[in-house]
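So you can see what is in the structure, the chains are spelled out below.
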Amino acid sequence: LPEDPPPLHADLSLLDGPALQRVYERAGPIRGRVVFKGAEGESRPMNLAGLARPRLRLGVFMSILVDWSVVGDLIQRLNDHLRPESILLRFHPNTTIRDPAARRWLPALPHLMLSGGETLLTGDAARCDLVLAANSSCHLTLLRYGVPTAHLRGLDAVPDDFYRFIADGLLPAFDRPEDLDVAAVATHYGAPDWGAHFGDYDAPMGEDLGAALRSVL
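In this report, we go over the structure that sits alongside the text. (Residues numbered from 1 in each chain as written. Predicted model: local features only at pLDDT ≥ 70, side-chain atom pairs only at ≥ 80, totals over all residues. Heavy atoms only, no water.)

### Some details on the overall build of the protein
The condition that has to hold: A helix here means a DSSP run of H or I that spans at least four residues, while a strand means a run of E at least two residues long, and both kinds are numbered starting from the N terminus. Based on C-alpha atoms, the radius of gyration is set beside the globule rule, defined as 2.2 Å times the residue count to the power 0.38. Partly exposed describes any residue whose relative accessible area lies between the buried limit of under 20% and the exposed limit of over 50%, with all areas from a 1.4 Å probe on protein chains only and scaled to the type maximum.
A tally of helices and strands in the protein yields seven helices and eight strands. Over its C-alpha atoms the protein spans a radius of gyration of 18 Å, differing by no more than 12% from the 17 Å that the globule rule assigns to 217 residues. Across its three principal directions, the C-alpha atoms of the protein cover 60 × 40 × 30 Å. Counting over 217 residues, the protein shows a buried share of 46%.

### Quick notes on the sheet that holds strand 3 (residues 57-61)
Just so we agree on the cut-off: A pair of strands is labelled paired if DSSP reports no fewer than 2 bridges between them.
Taken together, six strands build an open sheet; the order of strands is 5-4-3-6-7-8 and the sheet is parallel. Because the sheet does not close on itself, it has two edges, and the strands there are strand 5 (112-115) and strand 8 (173-174). Pairing between strand 6 (residues 130-133) and strand 7 (residues 149-152): three bridges, direction parallel. Among the inter-strand pairings, alanine 133 is bridged to a residue of strand 7, identified as histidine 151.

Structure representation (C-alpha cells):
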C-alpha cells in the first residue's frame with residue numbers, strides 16, 4: 001500500500017509481511033491481531049541466469065496511469081541502449097481508462113510484442129529475463145516468481161516511489177533508459193541478504209490460519 005491508508009481497525013488482519021504492517025502502523029495503532037500470509041502468487045527462486053544472455057528478453061509492464069507519448073520514446077531508447085532479443089510490453093489489464101490510441105505512440109520494432117493483460121502476470125513474466133515497471137505493486141508478484149525487476153522512471157504518471165520500494169532498497173531504480181545497467185541489477189539481487197530483505201514483504205505464514213480465526217471469534 002502507499003502511505004496513509006485508513007487505520008487498520010479489525011479483529012484479525014492478514015498481511016503480506018512486516019513491511020505492510022509498518023505502513024499501517026504509521027497510519028495509526030493496529031488494534032487487532034496480525035497474521036502474515038506472504039505475497040500474492042507462486043513462489044520460485046530468483047533466476048538471474050537470463051541477465052547474462054548476450055541479448056535480453058525484456059519485459060515492460062505498465063501501470064494504469066500512463067503518458068503513452070513518453071512511453072513510446074522510452075521503449076525506443078531502451079531498444080537502442082540494450083539491443084534486446086525481444087521486448088514484451090504488457091498493458092495494464094484494466095481497460096476502462098486505457099487510451100485506445102496507445103499503440104500509435106509505440107515504435108515500429110519487429111521484436112516488440114504486446115500483451116493486453118488477458119494472461120496471468122506470471123505467464124508474461126516467464127517470457128522475460130528482466131522486467132521494467134514504474135510505480136506498480138506488480139514488482140512484488142514478479143520478484144516472488146523469481147523474475148528480476150527494476151524501476152524505470154517515466155513509465156507512468158504516478159508519484160515517484162509510490163510504494164517506497166526504492167527508498168527501502170527493495171529494487172534498483174534508473175532515471176533514464178541509458179542508465180540501465182544489467183550487471184548492477186544482477187548484483188542487487190545476488191546480494192546475500194536480498195532474500196531476507198524480500199521476506200519483509202513476503203513473510204511465510206507463521207501460524208495456522210484456522211487457529212488465528214478461532215482466537216478472535
